[in-house]
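Residues per chain are reported as follows:
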Amino acid sequence: MSIEKELKERSGNACELCATADGLSVYVVPPKAGDSAEECVLVCNTCKAQLENPEQVDANHWRCLNDSMWNTEPAVQVVVYRMLRQLSSEGWPADLLDMMYMEDDTAKWAKAMEESESIAKHVDTNGVELQAGDSVVLIKDLKVKGTSMVAKRGTAVRRISLVADNPEHIEGKVDGQRIVILTKFVKKS
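Rules and cut-offs
- Residues numbered from 1 in each chain as written.
- Predicted model: local features only at pLDDT ≥ 70, side-chain atom pairs only at ≥ 80, totals over all residues.
- Heavy atoms only, no water.
- Helix = DSSP H or I, 4+ residues; strand = E, 2+ residues; numbered from the N terminus.
- Buried < 20%, exposed > 50% of the residue type's maximum accessible area, 1.4 Å probe, protein only.
- Contact = heavy atoms within 4.5 Å.
- Areas by Shrake-Rupley, 256 points an atom, 1.4 Å probe, with all protein chains shown as cover.
- Lys, Arg positive; Asp, Glu negative; His and termini not counted.
- Charge placed at Lys NZ, Arg CZ, Asp CG, Glu CD.
- Axes fitted to C-alpha atoms, helices over the stretch in contact; angles between N-to-C directions.
- Left-handed = near helix turned anticlockwise from the far one by under 90°.

Visitor: How should the overall build of the chain be read in this particular structure?
Guide: Scanning the chain for helices and strands turns up six helices and ten strands. In terms of principal-axis extent, the alpha carbons of the chain reach across some 55 × 35 × 30 Å. For the chain, the proportion of its 189 residues judged to be buried stands at 39%. A separation of at least 24 residues holds for 54% of the contacts in the chain among residues at least 6 apart in sequence. Carbon together with sulfur atoms contributes 46% to the accessible area of the chain, which is approximately 10900 Å² in total. Side-chain charges in the chain split into 23 positive and 30 negative, and the spacing between the mean points of these groups amounts to 11 Å.

The following block contains the structure:
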């Protein structure tokens, strides 16, 4: 049986996070490889997009975690825990985190990404930590590879995205074009 088929059977053919039945796909819960259904969750397109792009998170969409936090599947519990932690500044997720229970192995899996994220932080030229959605200013003229464009010193780049696997890179739009920028050439504004 395929992983997707197994997940559909496990979830009753609905998103395991928000219970939507449309646009379902498999989401591999990091840092697992996704070799089995136990390492994956079945999610809708909305949940998947927000899981993969933390800067696009809509806190109101995730109120569904109030129900899905009680799911007995470890992979679902891990995703719920991580989203609640990510949204903890909203207030209501902190209450849910206090009520949430996970077995020790599941809690270790859920916290595995926190440990790796704390090691690799995105920092600007002054050592100030950058977060997704921050605004930065270029501190030198940068030639954009593959184009004739030069991003000028002093250009503001708003609502940056962090490159997950490289703490020296961020992404942002300059003159309407999305580019990758080295963090050593920006300062937080």
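Visitor: Can you walk me through unusual backbone geometry in this structure?
Guide: Residue proline 30 is joined to proline 31 through a cis peptide bond whose omega torsion reads 0 degrees. Positive phi is not limited to glycine here, since asparagine 13 has a value of about 60 degrees. Counting through the fold element by element, asparagine 13 comes out in the loop between helix H1 (3-11) and strand E1 (25-28). Of note in the backbone geometry, alanine 19 takes a positive phi value of approximately 70 degrees without being a glycine. Tracing the backbone shows alanine 19 in the loop between H1 and E1.

Visitor: Please explain the packing of helix H4 (residues 74-86) against helix H5 (residues 92-99) as it appears in this structure.
Guide: Relative placement of two packed helices is described by the angle separating their axes and the distance separating the axes. Where H4 contacts H5, the two axes come as close as 8 Å, and the packing angle between them is 145 degrees. The two elements H4 and H5 cross, and the hand of that crossing is left-handed. Contact with H4, carried on its side by Tyr81, Leu84 and Arg85, involves Trp92, Pro93, Leu96 and Leu97 of H5 and no other residues of that element.

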